[in-house]
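Fold and contact review
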Amino acid sequence: MAKRQEPSDSNSHLSSRTKKMMSWHPQYRSSKFRHVFGKPASKENCYDCVPITRSVHDNHFCAVNPHFIAVVTECAGGGAFLVIPIHQTGKLDPHYPKICGHKGNVLDIKWNPFDDFVIASCSEDATIKIWDIPKQLLSRNITASRKELLGHARRVGLLEWHPTAANILFSTGYDYKLMIWNLDTKESVILNPVKTIDFHQDVILSMSFNTDGSLLATTCKDRKIRIFDPRAGTVLQEASYKSHRANKVLFLGNMKKLLSTGTSRWNNRQIALWNEDDLSVPLIEEDLDGSSGVLFPFYDSDTNMLYVVGKGDGNIRYYEISADKPHLNYLTEYRSYLPQKGIGIMPKRGLDVSSCEIFRFYKLITTKGLIEPISMIVPRRSESYQEDIYPLTAGVQPALTAQEWLSGMNKGPLLISLRPGSDLVNSQRKFPERTLPNSVPLESNRYQDRIERKTAFEDAKMPYRFQDERESRKGMDQLQEDRKAWLSNGFDPFECPPPKTENELLHMFYRQQEEIRRLRELVNQREVQVKQLELEIKNIHMSSGTY
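Just so it is clear, the model here is predicted, and its values are computed rather than measured. (Residues numbered from 1 in each chain as written. Predicted model: local features only at pLDDT ≥ 70, side-chain atom pairs only at ≥ 80, totals over all residues. Heavy atoms only, no water.)

**Digging into the overall build of the protein**
Put simply, the test is: Under the DSSP-based scheme used, a helix requires at least four consecutive residues in state H or I and a strand at least two consecutive residues in state E, with every element numbered from the N terminus. For each residue, the accessible area found with a 1.4 Å probe, counting protein chains only, is set against the maximum for its type, and the residue is called buried under 20%, exposed over 50%, and partly exposed in between. Only heavy atoms matter for contacts: two residues are in contact if any of them lie within 4.5 Å across the pair. In short, Shrake-Rupley with a 1.4 Å probe defines the accessible areas, and a residue's cover is counted only from the protein chains shown.
Of regular secondary structure, the protein possesses five helices and 35 strands. Sorting the 547 residues of the protein into buried and exposed places 48% on the buried side. Of all intrachain contacts in the protein linking residues separated by at least 6 positions in sequence, the fraction that spans at least 24 positions is 55%. As presented, the protein carries roughly 29000 Å² of accessible surface, and 50% of it is formed by carbon and sulfur atoms.

**With respect to the side chain of N182**
Our working definition: As used in this structure description, the phrase polar contact means that two N or O atoms lie within 3.5 Å; if the pair is within protein, one of them must be able to donate a hydrogen and the other to accept it, and residues adjacent in sequence are counted only when both atoms belong to side chains.
Within the fold, N182 resides in strand β15 (residues 178–182). We classify N182 as buried; its relative accessible area is 9%. Within the local environment of N182, its side chain forms a polar contact with the backbone nitrogen of D184, the two atoms lying 3.0 Å apart. Sequence-distant contacts of N182, that is, excluding residues within four places in its chain, are made with N167, I168, I190, V194, A402, Q403 and L406.

**Observations regarding the sheet that holds strand β18 (residues 204–209)**
The line we're drawing: Strands qualify as paired when DSSP identifies two bridges or more between them. The angle between two axes is taken between their N-to-C directions and runs from 0 to 180 degrees, where each axis is a line fitted to C-alpha atoms and a helix contributes only its stretch in contact.
Within the open sheet, the four strands sit side by side as β18-β19-β20-β21. Their pairing is antiparallel. Bordering the open sheet on either side are β18 and β21 (234–239), each of which pairs with just one other strand. Here the average twist between neighbouring strands, direction ignored, is 20°. For strand β19 (residues 216–220) and strand β20 (residues 225–229), the ladder comprises four bridges, and the chain directions are antiparallel. The partner of A217 across the bridge, within β20, is I227.

**Things to note about unusual backbone geometry**
Of note, the amide linkage connecting K325 to P326 takes the cis form, showing an omega dihedral of -10°. Within the secondary structure layout, P326 lies in the loop between β28 (316–321) and β29 (328–334). Although it is not a glycine, A126 sits at a positive phi angle of roughly 70°. By the secondary structure assignment, A126 is in the loop between β9 (118–123) and β10 (127–132). For N304, which is not glycine, the phi dihedral falls at a positive 60°. N304 gets classed as partly exposed once you look at its relative accessible area, which sits at 27%.

**So, the packing of aromatic side chains**
To keep it simple, the criterion reads: Centres within 6.5 Å are what make two rings of Phe, Tyr or Trp a pair, Trp counting through its six-membered ring; a difference in plane orientation under 30 degrees is then read as stacked, over 60 as edge-to-face, and the rest as tilted.
Within this structure, the stated rule accounts for 15 aromatic pairs. Geometrically, the ring pair formed by F298 and F361 is edge-to-face, given 5.8 Å between the ring centres and 70° between the ring planes. Of this pair, F298 sits in strand β26 (residues 295–300) while F361 sits in strand β31 (residues 357–365), placing them 63 residues apart in sequence. Relative accessible area serves as the criterion here: at 7%, F298 is assigned to the buried category. Given the relative accessible area of 0%, F361 is considered buried. Centre to centre, the rings of Y307 and F359 are 4.5 Å apart; their planes meet at 20°, and the pair counts as stacked. Here the residue Y307 occupies a position in strand β27 (residues 305–310), and F359 occupies one in strand β31, the gap between them amounting to 52 residues. F359 carries the same exposure label as Y307, and that label is buried. One aromatic cluster is present, formed by F298, Y307, Y318, F359 and F361 through successive ring pairs.

**Quick notes on the pattern of salt bridges**
Rules: By definition here, a salt bridge exists when the distance from a side-chain nitrogen of Lys or Arg to a carboxyl oxygen of Asp or Glu is within 4 Å.
Throughout the structure, instances matching the rule amount to 22 salt bridges. In this structure, E160 engages K110 in a salt bridge whose closest nitrogen and oxygen atoms are separated by 3.1 Å. Here E160, found in strand β13 (residues 156–161), pairs with K110, found in strand β8 (residues 106–111); they are 50 residues apart in sequence, far enough to count as distant. Between R146 and D132 there is a salt bridge, with the nearest N and O atoms lying 2.9 Å from each other. Within this pair, whereas R146 is found in the loop between β11 (141–142) and β12 (147–150), its partner D132 is found in strand β10, the two being separated by 14 residues in sequence.

**Some words on the confidence of the model for the protein**
Put simply, the rule is: Per residue, pLDDT measures the predictor's confidence, with a range of 0 to 100.
Per-residue confidence for the protein averages 82 on the pLDDT scale, and 80% of its residues sit at or above 70. Taken together, the stretch residues 1–27 has pLDDT below 50 and engages in three contacts with residues farther than four places along the chain or on a different chain. Taken together, the stretch residues 483–495 has pLDDT below 50 and engages in 23 contacts with residues farther than four places along the chain or on a different chain.

**Observations concerning the sheet that holds β26**
Ordered in space as β26-β27-β28-β29, the four strands form an open sheet in which the pairing is antiparallel. Each of the sheet's edge strands pairs with one partner strand only, and the pair in question is β26 and β29. Across the sheet, the axes of successive neighbouring strands diverge by a mean angle of 25°, strand direction being ignored. In the sheet, β26 pairs with β27 via six bridges, with the strands oriented antiparallel. In the sheet register, Y299 faces β27, and the bridge partner there is L306.

**Quick notes on the UniProt feature "repeat: WD" (unreviewed entry) in the protein**
In plain terms, the rule: UniProt positions are given in the numbering used here, feature names are shortened, and annotations may be inferred rather than shown by experiment.
Look at the UniProt record and you will see "repeat: WD" (unreviewed entry) annotated at residues 99–133, 149–191 and 197–238. In residues 99–133, the share of helix is 0% and the share of strand is 63%. The end C-alpha atoms are 9 Å apart.

**Considerations on the environment of G38**
When you line up the elements, G38 lands in strand β1 (residues 37–40). Between the C-alpha atom of G38 and that of M376, which follows or precedes it by 338 residues, the distance is 4.6 Å. Once you skip the residues sitting within four places of it in the chain, G38 turns out to touch Y318, Y334, I374, S375 and M376.

**So, the side chain of S208**
For S208, the location among the structural elements is in strand β18. In this structure S208 comes out as buried when scored by relative accessible area, which is 7%.

Written out as structure tokens, the structure is:
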């Protein structure tokens, strides 16, 4: 019987060496986000027939908040973008109003994180404009901005709001300058920024703040990553690593790390992880593929998840970031055959916590004129609120005023709970109604007619005073209940698109019939009251002998 051959010493030494190397990298890793999956919205919940821009600029071209989705659009004779109510899905009217005050193509748009009805835009015409968006449905093109910032000598390519201070806006232009603007002024035209940073040697490609906004990281066309104090204008760290040509950079929350996307020496798309305090050599470099599109990174500091979206392809890769080695843990990939031109993300306070949604993208598909929402969902069987995947997150209240931040103060974001019914969630500011000074009427007045019909309809439903106090109270209670039913998440159903299915159409028809019946009863009661009053007046006149 043959004797089994024992392993040689060299093999045994190799085996022990391999075990030693793999001791910090477990084969199976426990994570509550291992099974996160991407769920695209159904066709009726997408935004169709949207004229998405065909600009070759490497930007997101889309900005989202819980009320609106803004997207840069094609426009002849200047630049424009659309602002669509977030619930107004389906086909977009070709005459839908635009925000069209720029003389050149719009390159970037960003919502104010502390005011859901204020948006900033920058353009090839070297200007930055701040716009007020009305709460009601747009009926005309908006051409007059609230503020105009004039400081750049060439086109303005990027915008970023400060994450914790109110009314502080950062801009970068093709004049190689980064400017800091204080919008907390009464002037409608601001000619000079509060700070100009001009040590970059080429066009700035991206910028990212740390959690409290005390540091800013940028990537430049010279392929260097810089970390600096924006108020002092002094560079703290600079990376000139030759093997990684950085394009986009991102602070990873409180992890004391940065992530950059770019290309390797062999022109492979690559991501790199850096220590915030030492940019000489990256902690990790990982090649992804050989495509040429830019990689947009997005980081969720609540879940420590990193999403990497490729321009020109339909894939979204996602990772989990950890403080221990290996810092970058690949989870899986969402795949689609439809390439994305740009991408927008919903703030955490706008997510659907009942379906365990932890992130939501808005994918711009130029070839189909489509905006497709994609929800990242943690599969859970329980329908209750999952507190472990929804920690406290940044809210809508600024932690600092503009002057406090400019004077040197630093504060982290004010946190809120996403639990339904939480007082903190409901403590959002009530934004004042704004009037638009100059507007250009559309060829079609469909939206104005809809608003007028809505106003007339609501006026007809004002409560009447009944002779019987009990009937009056009952009618008022009924109107309050109906009003609560009409309003959902702060939106009036009259501002939503028409029903898309036969069942929805029938449901709306029956509701309208019920409303008509109830209004007829009120009118009949009113007529009875009028007749009674006429009889009483007649009796009074007869008794007094003056009739």
